[in-house]
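# Chain and residue survey
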Amino acid sequence: MSEKIKIAPSILSADFTRLGEHIREAEQAGADLIHVDVMDGRFVPNLTMGPLVIEAARRSTKLPLDVHLMMVEPDHMLKAFAEAGSDVISVHVEACLHLNRTLQEIRRLGCQAGVALSPHTPAGALSEVMHLVDVILILSVNPGFGGQAFLPEVLPKTRQLRQMIAATGREIDLEIDGGVNTQTAATCVEAGVNVLIAGSAVFNSKFSVKAGIDALRSAVGNQKAG
Ligand code: DX5
Ligand code: ZN
């Protein structure tokens with residue numbers, strides 16, 4: 001693939017006492033998107049942020065906000081997330097009764113429509129909605145927490161999804177999320193992803209945000225996307 005790789009730092013691992021600062025550091029270091037993990041305590045066993053935090057992130061950066069909804073019944077909250085400033089809204093296939101309708105609604109609200117697949121969900125779950133999808137997010141850990149180990153069993157599915165995207169003739173971002181670091185990033189890109197979502201490999205106490213982003217870029221041998 002000749003396309004440049006995009007890096008989307010996940011603020012789940014940021015320091016919430018200085019979230020704005022951390023987001024600005026990521027933007028200055030050349031991040032392409034800011035990834036926001038919304039967890040509802042039901043779809044996943046953790047509770048994180050809602051539209052208020054997205055509004056705050058919106059005021060901190062001009063970068064697109066890539067909002068990952070790990071929640072059951074996301075439909076009733078889509079408007080609130082769109083109005084808070086989301087650019088991409090991804091819902092989980094496993095959490096949507098009427099995925100087709102949900103994706104249409106995300107686009108109607110003026111956002112890019114994303115679908116996320118938990119590790120057990122096959123690529124084929126998207127076969128009937130590819131025309132409604134702008135972004136596909138592959139979970140490479142069981143969703144709910146940052147800092148988990150990458151699950152290599154998602155790689156065959158990643159290759160399959162890249163082929164399904166090619167068959168549409170449209171540009172659909174293929175994201176991978178969970179356990180992405182300097183050890184795993186190159187394999188993900190080789191399998192066909194063009195967006196690397198990374199939390200603990202970017203925001204941690206061991207090195208700066210810029211060092212984390214630079215290390216990921218050099219691991220995939222590539223400069224800023226665009
Ligand atoms: C996991 C989240 C991820 C998380 C990744 O449920 O969707 O976005 O922030 O964290 P790392 O990169 O630390 O695995
Ligand atoms: Zn995520």
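Residues numbered from 1 in each chain as written. Chains lettered and ligands numbered in written order. Predicted model: local features only at pLDDT ≥ 70, side-chain atom pairs only at ≥ 80, totals over all residues. Heavy atoms only, no water.

### Brief notes about the coordination of the zinc ion (ligand 2)
Under the convention used in this document: Here the term donor refers to an N, O or S atom within 2.8 Å of the metal (or 3.2 Å for Na, K and Ca), and because water is left out of the atoms, sites may appear incomplete. When four donors show all angles between 85 and 135 degrees the site is tetrahedral, when four or six donors have opposite pairs over 155 degrees and all other angles between 65 and 115 it is square planar or octahedral respectively, and in every other case it is irregular. Helix numbers and strand numbers start at the N terminus; a helix is a DSSP run of H or I with at least 4 residues, a strand a run of E with at least 2. Relative accessibility decides the category of a residue: with a 1.4 Å probe and only protein chains considered, values under 20% of the type maximum give buried, values over 50% give exposed, and everything between is partly exposed.
Here the zinc ion (ligand 2) is held by the protein donor atoms H35 (NE2), D37 (OD), H68 (ND1) and D177 (OD), which lie 2.0 to 2.3 Å from it. Around the zinc ion (ligand 2), the 6 donor atoms sit at angles spanning 68 to 168°, and that spread fits a shape best called octahedral. In primary sequence terms, the donor set of the zinc ion (ligand 2) follows H-x1-D-x30-H-x108-D. Note that H35 is positioned in strand 2 (residues 34-39) and H68 in strand 3 (residues 65-70), a separation of 33 residues in sequence. Neither residue differs from the other here; H35 and H68 are each classed as buried.

### Focus on helix 2 (residues 51-60)
Put simply, the rule reads: Contact between two residues is taken to exist if any of their heavy atoms lie within 4.5 Å; hydrogens are not considered.
Along helix 2, the residues that are buried comprise P51, I54, A57 and S60. On its buried face, helix 2 is in contact with helix 1 (19-28), strand 2, strand 3 and helix 3 (78-83).

### Description of the pairing of strand 5 (residues 112-117)
Counted only if it meets this: The criterion for strand pairing is that DSSP finds at least two bridges linking the strands in question. Here, the term right-handed applies to a crossover whose path from the first strand over the helix to the second runs clockwise when the strands point away from the viewer.
Most of strand 5 sits inside the fold, with 5 of its 6 residues counted as buried. Taken together, the 5 bridges between strand 4 (residues 88-92) and strand 5 define a ladder with parallel strand orientation. By the bridge assignment, V88 is partnered in strand 5 with Q112. Between the parallel elements strand 4 and strand 5, the chain passes through helix 4 (residues 99-108) in a crossover that is right-handed. Alignment of strand 5 against strand 6 (residues 135-139), held across 4 bridges, turns out to be parallel. Paired with L117 across the bridge in strand 6 is I138.

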